[in-house]
Amino acid sequence: MIKAKFRDNGSECSTEDYAQNPDKYRGLIDCIECSQKAWFIKGFETEKMSRMACFGARHLDGCNASTVDLKSEATDENIDDPNSPGSSLYVNLDKSATSNIYVSQDNDKHGDEESTRPSPAIKNPLGNSSGYPLNKSLRGILTNLIRNPNYGENGLEIKIVSNGGRTIIDGKLKDNIVNIKHVSKDHMRQEYIFWGPINNLNIDKKGVLWLNYGDYRTEPSIRLNPELSQELIKNFRLKDVSELDGSDFIIVGHLGYSSAGKAIISTSFTKYISFRKMNISKINDHLKSSSKKEAVLFDN
Ligand SMILES: [Zn+2]
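Structural notes, computed from the coordinates. (Residues numbered from 1 in each chain as written. Predicted model: local features only at pLDDT ≥ 70, side-chain atom pairs only at ≥ 80, totals over all residues.)

## Things to note about the overall build of the protein
Piece 1. Each helix and strand counted, the protein has five helices and 22 strands in total.
Piece 2. A total of 300 residues make up the protein; the buried ones form 37% of that total.
Piece 3. Considering only residue pairs separated by 6 or more positions, the protein has 63% of its internal contacts joining residues 24 or more positions apart. (Helix = DSSP H or I, 4+ residues; strand = E, 2+ residues; numbered from the N terminus. Buried ≥ 20, exposed ≤ 12 C-beta atoms within 10 Å, placed from the backbone. Contact = placed C-beta atoms within 7 Å.)

Now the structure itself:
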């Protein structure tokens, strides 16, 4: 979609409005039709195609405003069968690999024609590997949670150890995992595995990176100090942190609250964080060198 609704006053926000004033709109725009949180996706150029800027959102079923298909990155790693008997997960954070993220080039393209073609529902089947692998990255756990938010309800145990062998988390997965939308002061006693969607990322004037669940003023955020922020940009090969807008994240960290009552999650190392970036397939787009109406823009 190329128009969104500014939550503060209900006014319309075009892709050009957003590009001219991202600080005004970031985290505060919704789908005009289904009111789900939206984020800005820059236009870009690759050798194969040219795409205009648009807004992404996790639209409700049946919302016609969707012009891009968003789906989580390819199912490249262990997807567990939630019905198989409970077993143990052992996460050695030293062995967690950073993921490759496709990087595109800005082209500052904006359009004024809205597509009306709805996106088909994408359903990813659950895999059915037999038994759980012993070593599992955070990203693998996130993949399982995205496929099945009740993953872990069957008594799965998890143990996470740090570099020096310190046990960070040890117990039932369901007792140690918190979806960001359910974050509360009950989660301040120990370190937890927080996960969920992030609407937008932004680096403030002090170099602190904020991963925002939504409205940065009131909704939960993850805070990374300038050092971790630079490391994350390097590890994930980002040109701009907004490339991760709309992704799902998982982080081993601890929760605090600001004096204004805002939930803030922190962590010590970038390897305690992983993402699944949304792949974007444009259904109806201005393609430079392809007559196809459908194209996968992110190849992993
Ligand atoms: Zn919508």
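## Some remarks on the nonpolar core
Piece 1. If you look at the biggest cluster of nonpolar residues, it comprises 39 residues, and the most contacted ones within it are F194, W195, F249, I250 and I251.
Piece 2. Of all elements in the fold, only α3 (138-147), β11 (157-161), β14 (192-197), β16 (209-212), β17 (221-224), β18 (248-257), β19 (263-266) and β20 (273-276) reach the threshold of two or more residues within this core.
Piece 3. In this structure, I251 is in contact with F194, I222, I265, T267, Y272 and I273, ignoring residues within four places of it in sequence.
Piece 4. One finds M1, L28, I29 and I41 within the second-largest nonpolar core, a separate group that totals 18 residues. (Core = buried A, V, L, I, M, F, W, Y, C linked by C-beta atoms within 7 Å.)

## Regarding the pairing of β17
Piece 1. Of the pairings in the sheet, the one linking β16 to β17 comprises four bridges and is antiparallel in character. Of the residues in β17, the one forming a bridge with L211 is I222. (Pairing = 2+ DSSP bridges.)

## Re the sheet that holds strand β1 (residues 3-6)
Piece 1. If you trace the three strands from one edge of the open sheet to the other, you get β2-β1-β3, paired in antiparallel fashion. Edge positions in the sheet fall to β2 (12-14) and β3 (29-31), since each has one partner strand and no second. With direction set aside, neighbouring strand axes in the sheet form an average angle of 50°.
Piece 2. In the sheet, β1 pairs with β3 via three bridges, with the strands oriented antiparallel. Directly across from F6, in β3, lies its bridge partner I29. (Axes fitted to C-alpha atoms, helices over the stretch in contact; angles between N-to-C directions.)

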